[in-house]
Amino acid sequence: MLSRRRFLGHAALQSAAALGLSCISLPSRATGARSFNDAMALPKAALGQLGRVPAIVIGTGYGGAVTALRLAEAGVPVVMLEMGRLWTQPGSDGKVFTKTLAPDGRAMWFKDKTEAPLKTFLGLDVINKKIPRYAGVLDRVNYDEMSVYVGRGVGGGSLVNGAMAVTPARWYFEEMLPGVNASEMYGTYFPRANAQLGVNQVDPAWFETAACYRYARVSRAAASQSGFKTVFVPSVYNAKYMEAEQANTVPRSALGQEVIYGNNAGKLSLDKTYLADAVGTGRVTIYTLHEVRRIEQQSNGDYLLTVRQIDEVGNVLGSFQVSCGKLFLGAGSLGTTELLVRARDTGTLPKLSTQVGQGWGHNGNVMTARANHLWNPTGAVQSTMPAMGINDWANPANPVFAEITPLPTGFENWISMYLAITRNPERGHFEYDAATDTAKLRWTRAQNTITVNSAKMMFDKINRQQGTGYRTDLFGGGKVFADDFCYHPLGGCVLDVATDNIGRVNGYKGLYVTDSALIPGSIGVNPFVTITALAERNIERVLAQDFA
Ligand code: FAE
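Residues numbered from 1 in each chain as written. Predicted model: local features only at pLDDT ≥ 70, side-chain atom pairs only at ≥ 80, totals over all residues. Heavy atoms only, no water.

**Let's talk about the pairing of strand S15 (residues 429-433)**
Operational definition: Two strands qualify as a pair provided DSSP detects at least 2 bridges between them. Each helix is a run of H or I in the DSSP string that is no shorter than four residues. Each strand is a run of E no shorter than two, and both are numbered from the N terminus.
Sheet analysis places S15 next to strand S16 (residues 438-442), joined by five bridges and oriented antiparallel. Looking at the pairing, Phe-430 lines up with Leu-441 of S16. Counting the residues between successive antiparallel strands, the hairpin from S15 to S16 contains four residues, one of them, Asp-437, with a positive phi of roughly 55°.

Right, dumping it as structure tokens:
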């Protein structure tokens, strides 16, 4: 059952899109609203007219959404600034998100052609399609030797991710974040995050017979025959909805090949959980298509932001300034780090430490694929939501956690795909580039050697045992391991290094990091549950100590 607050938040998010508004909030009368119409989002002031507000959150991903909700619950009015658009209104095809195999501009953030993780199939350039430039939902940020996928829109990465909601091994969490009390995390904040995110799991009995998970069962068998353990992977995709998809009683989303360009049903993205609740408090206003470009501190200690507003096709509508007493950065590892590196190196926040921009890692990500024997088909209809992983993380000789991922071509392809998370101690850093006014990631392909070797050790063993081999036709240039892109950017403003123990940025009072930039490059599993739980912990302390 929807809570009243969530119902109101939903209504505001739906109606803002329907009315074409770039400002989402409940009208004050809606706090007593009884109906959908009462809760309609009404136009509020343009950003440039706000002047000063108590608190701003930049970005609407996991860190930002947690922070906004908890601030609002504590009575603090919050402005959220999000460079992407709101994804609640169907387009002319009746769908919010574009078709995966026939994408349009909604697929990607201002690209001329889609840039999907898979480059080719059977060596043919049949995967990526020309699209019009538009404020689409998935971005691929291309640095010199590493590309990073991120979500753009109200909900950040939750709009495009695979919904895998994994709590890390406690011993590894303790190793990565030694300054954080693990008992509190595992006793309070991980459970809180899991509950609020709506984490659930497929029914194991249903899984055993579901045609859409044949690919996972094939990979499980291959793994266990080579001595590897597999585990179910929790998810924020509604398992009951997926069962109904398999039974053909509801429109297909996970079984309809939808994932990286958004799911039209089934997934509990943040706009349906944390953000709906946040807007439903009546104290949170989200400005969409508003990108923060510059942060400076005023003589009274307030932060002054310069924000660029665009429309959905990229026309600049204006540049505005707004100031706040407390500023929370939730723009993601890349976004938050870029804002701070730019501020330090252009002199608008000159006291930021040299640690800002350091400690970046890709969580040891690498993709690979194996070709199965013809007598071992993986299924023509595959759920895009992984439900199982090979868990060899506790193996000190070669720790790997490999998700068994689908390759949903819509026809039998005999392929077993994996996203391996490996333990790679290499770290990159960001440098400000004045010519482009961006922060460039310094990461070399050679820094991936450990990751590739680690995944290779696991999958060589499986291939040897199965008498199978790798697919060479998927990642371009005959590559077997996709070592040129990642999905899990972490770090850049690491907790207890560039910030204090609760995310307060060193050198600046009232300036906080709330997101994946805090995590030191690796967490051993898919990261959004950790990002959410850490944000829950930090904001609780910030509210107690800095808002008292
Ligand atoms: P994030 O969710 O990236 O949100 C940042 C937001 O800030 C975005 O909406 C940006 O548009 C916005 N922004 C950035 N710069 C600015 C600016 N200057 N002004 C205004 N707004 C700005 O941050 N993780 C899992 O745990 N499980 C999975 O299954 C999984 N699958 C993934 C699949 C894909 C294709 C991708 C791309 C990621 C996946 N991830 C997965 C990673 C996960 O989504 C990611 O770690 C989190 O979304 C990061 O959360 P943050 O709060 O750091």
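Still more ground to cover, so stick around.
**Points about the packing of helix H6 (residues 214-225) against helix H10 (residues 449-466)**
Under the convention used in this document: To define axes, lines are fitted to C-alpha atoms, for helices over the stretch in contact only, and angles between the resulting N-to-C directions are given on a 0 to 180 degree scale. Throughout this description, any angle smaller than 35 degrees is read as roughly parallel, any larger than 145 degrees as roughly antiparallel, any in the 65 to 115 degree range as roughly perpendicular, and the remainder as oblique. Contacts were defined at the residue level, with two residues in contact if any of their heavy atoms lie within 4.5 Å. In this classification, the charged set is Asp, Glu, Lys and Arg, the nonpolar set is Ala, Val, Leu, Ile, Met, Phe, Trp, Tyr, Cys and Pro, and all remaining amino acids, among them Gly, are polar.
Contact geometry for H6 and H10: axes closest at 9 Å, N-to-C directions at 90°. It follows that H6 is roughly perpendicular to H10 by the angle criterion. Here H6 contributes Ala-222, Ala-223 and Gln-225 to the contact with H10, which in turn contributes Ile-462, Gln-465 and Gln-466. In terms of residue class, the contact of H6 with H10 is made up of three nonpolar, three polar and no charged.

**Some thoughts on the environment of Arg-504**
Note the threshold: Counting of polar contacts relies on pairs of N or O atoms within 3.5 Å, with two restrictions inside protein: one atom must be capable of donating a hydrogen and the other of accepting it, and residues adjacent in sequence are counted only when both atoms are side-chain atoms.
Residue position: Arg-504 is located in the loop between strand S19 (485-486) and strand S20 (511-513). If we ignore the near neighbours within four places in the chain, the residues touching Arg-504 are Thr-499, Leu-511, Tyr-512, Gln-545 and Asp-546. A polar contact of 3.1 Å, which involves the side chain of Arg-504, links it to the side chain of Gln-545. A polar contact is formed between the side chain of Arg-504 and the side chain of Asp-546, at a distance of 2.7 Å.

**A closer look at the site of the ligand**
Our working rule: Near, as used in this document, describes a residue that has one of its heavy atoms within 4 Å of the molecule or strand being considered.
Neighbouring the ligand are 38 residues, the closest being Glu-82, Gly-157, Met-164, Ser-516 and Phe-528. Measuring from an oxygen atom of the ligand, one finds a backbone N or O atom of Gly-63 at 3.0 Å. Contacts to the ligand include Glu-82, whose side-chain N or O atom sits 2.7 Å from an oxygen atom. Looking at the shell around the ligand, the elements that each hand over two or more residues are helix H2 (62-73), strand S5 (147-151), strand S8 (290-297), helix H9 (332-345) and helix H11 (528-546). The residue inventory of the shell around the ligand, partitioned by class, reads 17 nonpolar, 17 polar and four charged.

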